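# Fold and contact review
Here is what each chain is made of, one letter per residue.
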Amino acid sequence: MPLAVYILGLSVFALGTSEFMLAGLLPPIADDMDVSIPRAGLLISAFAIGMVVGAPLLAAATLRLPRKTTLVALISVFGLGQVAGALAPTYEVLFASRVVSALACAGFWAVGAGVAIAMVPVGARARAMAVMIGGLSIANVVGVPAGAFLGEHLGWRSAFWAVGAASAIALVGVLTRIPRIPLPETRPRLRDELVIYRDRQVLLAMAIVALSAGGVFCAFSYMAPLLTDVAGLDAGWVSGVLGLFGIGALIGTYVGGRVADAHPFGVLLSGITASTLIMVALALLASSPVAAIVLSFLLGVSCFYTAPALNARIFNVAGAAPTLAGATATAAFNIGNTGGPWLGGSVIDAGFGFVSPAWAGAAMAAVGLAAVAVSLRLQRSSGSRVVMGATADEKADAGLSRSGARSGARSGAQPGGASAGGAQPQ
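Rules and cut-offs
- Residues numbered from 1 in each chain as written.
- Predicted model: local features only at pLDDT ≥ 70, side-chain atom pairs only at ≥ 80, totals over all residues.
- Heavy atoms only, no water.
- Helix = DSSP H or I, 4+ residues; strand = E, 2+ residues; numbered from the N terminus.
- Buried < 20%, exposed > 50% of the residue type's maximum accessible area, 1.4 Å probe, protein only.
- Polar contact = N/O pair within 3.5 Å; in protein donor to acceptor, adjacent residues only side chain to side chain.
- Contact = heavy atoms within 4.5 Å.
- Salt bridge = Lys/Arg side-chain N within 4 Å of Asp/Glu carboxyl O.
- pLDDT = per-residue confidence, 0-100.
- Phe/Tyr/Trp six-rings, centres within 6.5 Å; stacked < 30°, edge-to-face > 60°.
- Patch = residues over 30% accessible without salt bridge, like charges linked within 9 Å, V, L, I, M, F, W, Y side chains within 5 Å.
- Areas by Shrake-Rupley, 256 points an atom, 1.4 Å probe, with all protein chains shown as cover.
- Expected span 1.5 Å × (residues − 1).

With that out of the way, let us pick up the side chain of Ser275. Within the fold, Ser275 resides in helix H12 (residues 264-285). Take Ser275: its relative accessible area is 5%, and that puts it in the buried class. Within the structure, Ser275 has its side chain in polar contact with the side chain of Ser302 (distance 2.8 Å). Setting aside chain neighbours within four positions, we find Ser275 in contact with Val216, Leu299, Ser302 and Cys303.

Taken as a whole and judged by the stated rule, the model has 2 salt bridges. For the salt bridge of Arg157 with Asp32, the shortest nitrogen-to-oxygen distance reads 3.6 Å. Placement of the pair is Arg157 in helix H7 (residues 156-177) and Asp32 in helix H2 (residues 26-33), with a sequence separation of 125 residues. Relative accessible area serves as the criterion here: at 44%, Asp32 is assigned to the partly exposed category. Taking the shortest distance from any N to any O, the salt bridge between Arg39 and Glu92 comes out at 3.6 Å. Highlighted residues: Arg39 in helix H3 (residues 37-61) and Glu92 in helix H5 (residues 91-118), separated in sequence by 53 residues.

What follows deals with the confidence of the model for the protein. Summary statistics for the protein give a mean pLDDT of 81 and a share of 87% for residues scoring 70 or more. Per-element averaging of pLDDT across the protein places helix H16 (residues 392-410) at the bottom with 38 and H12 at the top with 94.

Here we come to the packing of aromatic side chains. Any pair of aromatic rings gets described here by the distance separating the centres and the angle formed by the planes. Scanning the model with the defined rule gives 5 aromatic pairs in all. With 5.5 Å between their ring centres and 85° between their planes, Phe217 and Phe220 make a pair best called edge-to-face. Residue Phe217 and its partner Phe220 are located together in helix H9 (residues 200-220), separated by 3 residues, close to a single helical turn. Just as Phe217 is buried, Phe220 falls in that class too. Aromatic pair Phe245 and Phe304: ring centres 6.3 Å apart, planes at 80°, arrangement edge-to-face. Remark: Phe304 occurs in helix H13 (residues 289-317) and Phe245 occurs in helix H11 (residues 237-259); sequence separation between them is 59 residues. The class for Phe245 is buried, based on a relative accessible area of 1%.

The next thing to look at is a nonpolar patch on the surface. A surface patch of nonpolar side chains, about 350 Å² in accessible area, is lined by Ile247, Ile251, Tyr254 and Val255. Checked against the element boundaries, Tyr254 lands in helix H11.

Let us look at H7. Given 3.6 residues per helical turn, the α-helix brings residues three or four places apart onto the same face. Helix length check: H7 (22 residues) gives 32 Å between terminal C-alpha atoms against 32 Å at 1.5 Å per residue, within 8%. Among the residues of H7, those classed as buried are Trp156, Ser158, Ala159, Phe160, Val163, Gly164, Ser167, Ala170, Gly173 and Val174. On its buried side, H7 packs onto helix H1 (3-20), H2, helix H4 (67-87), H5 and helix H6 (125-154).

Relative to the helices and strands, Leu74 resides in helix H4. The residues contacting Leu74, other than those within four sequence positions of it, are Leu58, Ala104, Gly107 and Phe108.

A few words on unusual backbone geometry. Phi is positive for Asp34, close to 60°, though the residue is something other than glycine. With respect to the helices and strands, the residue Asp34 is situated in the loop between H2 and H3. Here Asp34 falls in the exposed class, since its relative accessible area comes to 70%.

Before going further, it helps to spend a moment on helix H10 (residues 223-230). All of the buried residues in H10 are Met223, Ala224, Pro225, Leu226 and Leu227. Check the buried side of H10 and you find it contacts H2, H9, H11, H12 and H13. Looking one or two residues past H10, Gly232 carries a phi angle of roughly 80°, positive in sign.

The structure is reproduced here in structure tokens:
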């Protein structure tokens, strides 16, 4: 795996910490801004909406710009958005800062994912995405609990300052370690790439991502009040439980990244089923502190176990659109991350209590599981043998690429990864 892929994963750590840390900061933000917890939860949806809009918009806007320059600009804007959030005097300003940060985050994800995919063979796509998603997992292990800890002891604004500092470190890594990725000789045309949205498998892949991610984050976004008001835990436990979710996410990402290339639908079916059952159990057993803690950990495992397969699936079924593939994956995840917290806040506002987001999340995930079954049936009826969305010919090409890389290594050449867009990193 090229070093640049790991640098992208480390950069995603800062992005992911900002995206998810509000799950542990909603109560203090709600108190400081004099809003309800469901309204504070809309800050999570605001970030996700910015991601949905920003991914395709910035992918198109930066189509003819150098990849490294684009990444540098986006991580810089993201860091400035964190500073604006830390200084926000009102809820409205904080809301706007979240949207701006999300736009930059979406662009970084879309472009960065395309860069990562371009540097590895077809058969290693899920592993490359697992490295980037690993940044999110580490964010949940370290960043999100640290944000909750800072929020409790130094005020919620300190968490935003910390993410701003992490963004500055990520900027240095991108500047010094990401190689120059030349644009393809034949530049992609956005009009030609839009045709992928006529493909049922692309639409199904997007639906699966949105429903499975949305279901989990419907429950996860309101974990703090569930732990304190339902399970009866002290507020000091919240950061620790969120850290357990992150450890589970790290384990799930590692395992899922290892097996997703060979068993894509097996990972999707087993992982989404597990998430559905875990959220049902969480809803039923939330009053037990031990059960709530254990199930939070298991939810992290099951959710991130499927993430590499979900990402790689979209890249492969949307392979004819190298520019929009990353944007499509990012937008699909954040459609779920928008709808999930919104649905969770809605059922709380309706008077069903802080347990209700777990029930609603389980229902979303169950619909996503049905979409996986439909996609698998279409896959089988097509009569083509596919490995993680790659055709048999593509698999053979990947084998030749690896064989050539080994031959080049033996002859003293520096092997390069297969490029999704026809460009080789230099």
